[in-house]
Every structure is written in C-alpha cells, then in structure tokens.
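Observations on chain architecture
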Amino acid sequence: MSIAPSGYRLEPAKVRSQFFRLLPISLFVVAFGIAFGLAAVQKGLAPLEATLMSVLVFAGASQFAAVDMWGPAVSVLPLMAVVFAINSRHILMGASLYPMLREMPPLQRYGILLVLTDANWAVSAQDYQNGRRNLEVILGGGFVLWLAWLIGTLLGVYFGGLLQEPRSLGLDMVLGCFLLSMALGGRKTPRVLVAWFVAGSASMAAYWWLPAHTHVVVGALAGGLVGFFWLEEAGP
Amino acid sequence: MNIETTTPGILLIIAIMTLVTLVTRFGGVFLMSFVTINPRVEGFINAMASSVLIAILAPLAFDGDVGARLALGTTAMIMLATRKPLPAIAAGILAAALGRYLI
C-alpha cells in the first residue's frame, strides 16, 4: 500500500467540543437505555448482566432484538445472524469513513471505530458532505453516546418502572428524527436525490420481500450504485 | 447450538454479541483497505453514505404508525425551513407524542 499515513490528526479540543455537540441527543439516548434496561430485567437478565451488555455491545437495536430472543436457553446461530444483520450497517458506515480513516495510524483508526454508532456517524458523514473532515465527532460524540447508553441502562435496570412507555412520549422517534435531520442537512444535488429514491425503494422492497433486517444494507448499496455509475462533475 | 441463560452462559452470549458487533464496526474499514480508491469508488461511498440514512428511515415512514409519520414529516418540514436540527427533532418528537395521544 502506498498511502502515506499521517494526514489526519485528532485535535483534543475538537474531540471535547464534539462531545458537547452530541450531549443533547445523548440525553434522549439515556431514555432509550432506560427502556432497554427495563426490557432486559423483565426478560430475566440480572441488572449487571444487562449493563455489561450495553457497555460491551453498544448497539441498541441489536440488544433489544437479542433480549427478545431470550428464554431458558438462547440458540446461538440465530442470535448471531440477527445481531450481524442489524449491525451490518456499521460495515457500510465504516467504509464510508475510510477516505478519512486511512490517513490515521491503524491503532487509532480501529480504536475510534469502537464507539462508531448511528448518531455520531451521521454527523460525521454530513460534515464530510459539506466539506468538513470530522473524525473527532466519532470519538468525542461516540464517547458521550456510549456514556448515555450505559447510564440509561443502569437507570433502567434499577428504576425502569419510571419510564414504562417511552413510545407514548414519542421517545422511540428520537433517533429517526435525528437521522432525518442529518440527511436533510446535507447537500441535495440531483444525484443525491436519485440515490435517495433508489435507496428508499430498494429498502422498502427488501423490507417487504427479503429476510428481516436486510433492508438497510440492501437500500444503502442500491443507493451507492447510483454514485458509482453517475459520477460527480470534476470539482465540488 | 443452545446456550443456557445461567450466569456463565449469559456472559458467553454477551461475548459473542460483542464479537459479532465488533466485526461489523471494523469490517468496512478493513475491507476498504484492499480497495483502490478511484472516482467511481468515491462516488459509490458518498452516495451510499447518504443512502444509509434513507434506507433506515424508509420503513419508519412507510410502515410506521401515525406518530412515526407525524414525527418524520414535522422534522422534515422544520429542517428544510430552518436548517436547525434541534428544533426540528424536538418538534418531531412532540408531534409523535401528540399524534399518539390524540389519534
């Protein structure tokens, strides 16, 4: 490989500022964490087991799905398949950061990916589209999201009864609204709009007719093909 | 293969979930290190990046309940009008809560 690694250096001050940038959305992540903690103890996980899962796995949707499969025993292959399918969007997210990440030493590169998740990735991707390189939000923003997920789970396993119905407060829509606002905040060229249309259609087709949890990857890859065949004019 | 949900079993399940998730977090970057970046690949990556969000949101919008649709619609309108995420998200959540309460 011939790429000179040295191009991207994380700025500590910017990591801190990105921590605070994602602090508001993290407060909502606490609410999700509470809902997860509650669901986990209701299914029979011990409080510390549920918390350990949040600390190590740090991928909410797949944790909810795993807890849904809970019983006296859990069959391993279906569990792995579901967790992989739900989290496979990380593969695409990581790949999309590669043009920036390749300029980092490998240890840092994989280190900050430990806290890669939807919200901090969406911010980084939007900044990149608008011409700003921001890996600091992956680290700083990821850390505050991880803290929130941990704190929320802890609150949920011990005091989950306080937030029995997050849906009725609209809290299940927080991440959806956040991701939508990030998508709409990016550039909207004809090329992007066509990619969105293709991605949305493919996602729905997969959602209806393909195995569960495949729609994100199918839709995103279909949208990506638009960019592969429809090249941007030279110059931004 | 089944794992019993006793304490050691649960720890093993958590370890397996952690590993699988780690593979997804690292996998994309690892695979990309074998790919030569050219304008087409870059075009693919960039279009894919914005498409991920749409692919996540599409079922929420088309198959969600009234609250979900109200939330996304409200967020979209306010975001397009003001370009400020926080008010757009807050209004979207409020719309979901109100919609579910009233309808």
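Residues numbered from 1 in each chain as written. Chains lettered and ligands numbered in written order. Predicted model: local features only at pLDDT ≥ 70, side-chain atom pairs only at ≥ 80, totals over all residues.

1. Notes on the overall build of chain B
- In terms of helices and strands, chain B carries 4 helices and 1 strand.
- Walking chain B from its N terminus toward its C terminus, one meets helices and strands in the order β-α-α-α-α.
- Taken over the C-alpha trace, chain B has a radius of gyration of 20 Å; the compact-globule value for 103 residues is 13 Å, which it surpasses by more than 25%.
- Projected onto its principal axes, the C-alpha coordinates of chain B cover approximately 50 × 45 × 25 Å.
- Expressed as a percentage of the 103 residues in chain B, the buried residues total 45%.
- For chain B, the proportion of contacts with a sequence separation of at least 24, taken over those separated by at least 6, is 31%. (Helix = DSSP H or I, 4+ residues; strand = E, 2+ residues; numbered from the N terminus. Rg over C-alpha atoms; globule rule 2.2 N^0.38 Å. Buried ≥ 20, exposed ≤ 12 C-beta atoms within 10 Å, placed from the backbone. Contact = placed C-beta atoms within 7 Å.)

2. Considerations on the nonpolar core
- Ranked by size, the top nonpolar core spans 107 residues in total, and within it C177(A), L179(A) and V52(B) carry the most contacts.
- A per-element tally of this core places helix α2 (residues 39-63) of chain B first, with 13 residues.
- In terms of domain composition, this core takes at least three residues from each of domain 1 (12-186) and domain 2 (188-231) of chain A.
- Residues in contact with C177(A), not counting those within four places in the same chain, are A71(B), L72(B), T75(B), A88(B), I89(B), G92(B) and I93(B). (Core = buried A, V, L, I, M, F, W, Y, C linked by C-beta atoms within 7 Å. Domains from an automatic or database assignment.)

3. Considering the confidence of the model for chain A
- Here chain A averages 91 in pLDDT, while 96% of its residues score no lower than 70.
- In this model, residues 1-5 of chain A is a region of pLDDT below 50 whose contacts with residues beyond four sequence positions or in other chains number 4 contacts. (pLDDT = per-residue confidence, 0-100.)

4. A word on the domain arrangement of chain A
Residue and element names in this part refer to chain A.
- Along its sequence, chain A is carved into domain 1 (12-186) and domain 2 (188-231).
- Counting residues at the interface gives 6 residues for domain 1 and 5 residues for domain 2.
- Secondary structure elements with two or more residues in the side of domain 1 that touches domain 2: α5 (76-87) and α6 (89-101).
- Counting residues per element, the side of domain 1 that touches domain 2 draws most heavily on α5, which supplies 3 residues.
- Residues belonging to the side of domain 1 that touches domain 2 are distributed by class as follows: 4 nonpolar, 1 polar and 1 charged. (Nonpolar A, V, L, I, M, F, W, Y, C, P; charged D, E, K, R; others polar.)

5. Let's talk about the packing of helix α8 (residues 118-129) of chain A against helix α9 (residues 136-159) of chain A
Residues and elements named next belong to chain A.
- At a closest axis distance of 8 Å, the pairing of α8 and α9 adopts a crossing angle of 155°. It follows from the interaxial angle that α8 and α9 lie roughly antiparallel. As α8 runs across α9, the sense of the crossing is right-handed. Only V137, I138, G141, G142 and L145 of α9 make contact with α8, whose side of the interface consists of A119, N120, W121, V123 and S124. (Axes fitted to C-alpha atoms, helices over the stretch in contact; angles between N-to-C directions. Parallel < 35°, antiparallel > 145°, perpendicular 65-115°, else oblique. Left-handed = near helix turned anticlockwise from the far one by under 90°.)

6. A few points about the interface of chain B and chain A
- The interface of chain B with chain A comprises 64 residues on the first partner and 79 residues on the second.
- Where the side of chain B that touches chain A is concerned, the elements lending two or more residues are β1 (2-4), α1 (7-32), α2, α3 (66-82) and α4 (85-102) of chain B.
- Ranked by the residues each element gives to the side of chain B that touches chain A, the list is headed by α2(B), at 23 residues.
- Across the side of chain B that touches chain A, the residue classes break down as 43 nonpolar, 14 polar and 7 charged.
- Relative to β1(B), strand β1 (residues 73-75) of chain A runs antiparallel, the two sharing 3 bridges. Across the sheet, residue A73(A) finds its bridge partner in β1(B), namely E4(B). (Pairing = 2+ DSSP bridges.)

7. What about the packing of helix α2 (residues 23-42) of chain A against helix α4 (residues 60-68) of chain A?
Residue and element names in this part refer to chain A.
- It is at 10 Å that the axes of α2 and α4 come closest, and there the two elements cross at 15°. With respect to each other, α2 and α4 are oriented roughly parallel. For the pair α2 and α4, the sense of crossing is left-handed. On α4, the residues that touch F32, F36, A39 and A40 of α2 are G60, Q63, F64 and V67.
- Residue classes in the contact of α2 with α4 are distributed as 6 nonpolar, 2 polar and no charged.

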